[in-house]
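Here is how the chains run, residue by residue.
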Amino acid sequence: MNHQCPVCGYPKLAEPPRPKTGGGSYEICPSCGFQFGVSDDDQGFTYEAWRAKWRRAGMPWSSQQERPRGWDAAAQLATLSRAKE
Ligand SMILES: [Zn+2]
């Protein structure tokens, strides 16, 4: 089961970012680099603040893992705003 990153819209997180059991998943989004439970709880970033920072940086692929073929940060981000409407 894949989960969507609430920061950048990346659709394939392995874990729910905020599990029902509390805290964060500690998974790092390979797209925007947000780590749930650390970037938010420990470092104090909101999703919006991290997203703004990532956009200002040019929406780079964050992970050492290979970037998916045809990855399109803007299109991915657009799926997130559609999901929220
Ligand atoms: Zn992300």
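The structure we're discussing is the one just above.
In this report, we go over the structure that sits alongside the text. Small disclaimer: the values here were computed from a predicted structure and weren't measured.

Topic: helix H1 (residues 47-56)
Since the α-helix packs 3.6 residues into each turn, any two residues three or four apart lie on the same face.
Piece 1. Considered for burial, the residues of H1 that qualify are Trp50, Arg51 and Trp54. Buried positions in H1, seen along its axis, are confined to an arc of 100° and lie on one side of it. Looking at H1, the residues exposed on the side facing more than 90 degrees away from the buried face are Arg55 and Arg56.
Piece 2. Phi turns positive one or two residues past the end of H1, at Gly58, with a value near 95°.

Some details on the coordination of the zinc ion
Piece 1. At 2.3 Å from the zinc ion lie its protein donor atoms, namely Cys5 (SG), Cys8 (SG), Cys29 (SG) and Cys32 (SG).
Piece 2. What the four donor atoms of the zinc ion show is an angle range of 106 to 112° at the metal, which sorts the shape as tetrahedral.
Piece 3. The motif formed by the donor residues of the zinc ion, counted along the single chain, is C-x2-C-x20-C-x2-C.

Some remarks on the packing of aromatic side chains
Two aromatic rings, taken as a pair, are described by how far apart their centres are and by the angle between their planes.
Piece 1. Taken as a whole and assessed by the stated rule, the structure comprises seven aromatic pairs.
Piece 2. Considering the side-chain rings of Phe34 and Tyr47, the 5.4 Å spacing of their centres and the 75° angle between planes classify their relative orientation as edge-to-face. One end of the pair, Phe34, is in the segment before H1; the other, Tyr47, is in helix H1, and 13 residues separate them in sequence.
Piece 3. Given the relative accessible area of 0%, Phe34 is considered buried.
Piece 4. Note on Tyr47: relative accessible area 24%, which makes it partly exposed.
Piece 5. Members of the aromatic cluster, connected to one another through ring pairs, are Phe34, Phe36, Phe45, Tyr47 and Trp50.
Piece 6. Over the aromatic face of Trp50 sits the side chain of Lys53, whose NZ or CZ is 4.3 Å from the ring centroid.

Points about the pattern of salt bridges
Piece 1. Considering all chains together, one arrives at two salt bridges under this definition.
Piece 2. Beyond isolated ion pairs, a larger network of salt bridges with shared partners links Arg18, Asp40 and Asp41.

Some words on the nonpolar core
Piece 1. Cys5, Cys8, Tyr10, Cys29, Cys32 and Trp54 are the most contacted members of the largest nonpolar core, which totals 17 residues.
Piece 2. Among the secondary structure elements, those contributing two or more residues to this core are H1 and helix H2 (73-84).
Piece 3. Among residues more than four places away in sequence, those in contact with Cys29 are Cys5, Cys8, Tyr10, Leu13, Phe34, Phe36 and Ser62.

Each value, and the rule that gives it
- Residues numbered from 1 in each chain as written.
- Predicted model: local features only at pLDDT ≥ 70, side-chain atom pairs only at ≥ 80, totals over all residues.
- Heavy atoms only, no water.
- Buried < 20%, exposed > 50% of the residue type's maximum accessible area, 1.4 Å probe, protein only.
- Helix = DSSP H or I, 4+ residues; strand = E, 2+ residues; numbered from the N terminus.
- Arc of directions from axis to C-beta.
- Donors = N, O, S within 2.8 Å, 3.2 Å for Na, K, Ca; no water.
- Tetrahedral: all angles 85-135°; square planar, octahedral: opposite > 155°, others 65-115°.
- Phe/Tyr/Trp six-rings, centres within 6.5 Å; stacked < 30°, edge-to-face > 60°.
- Lys NZ or Arg CZ within 6 Å of the ring centre and 35° of its normal.
- Salt bridge = Lys/Arg side-chain N within 4 Å of Asp/Glu carboxyl O.
- Core = buried A, V, L, I, M, F, W, Y, C linked by side-chain atoms within 4.5 Å.
- Contact = heavy atoms within 4.5 Å.

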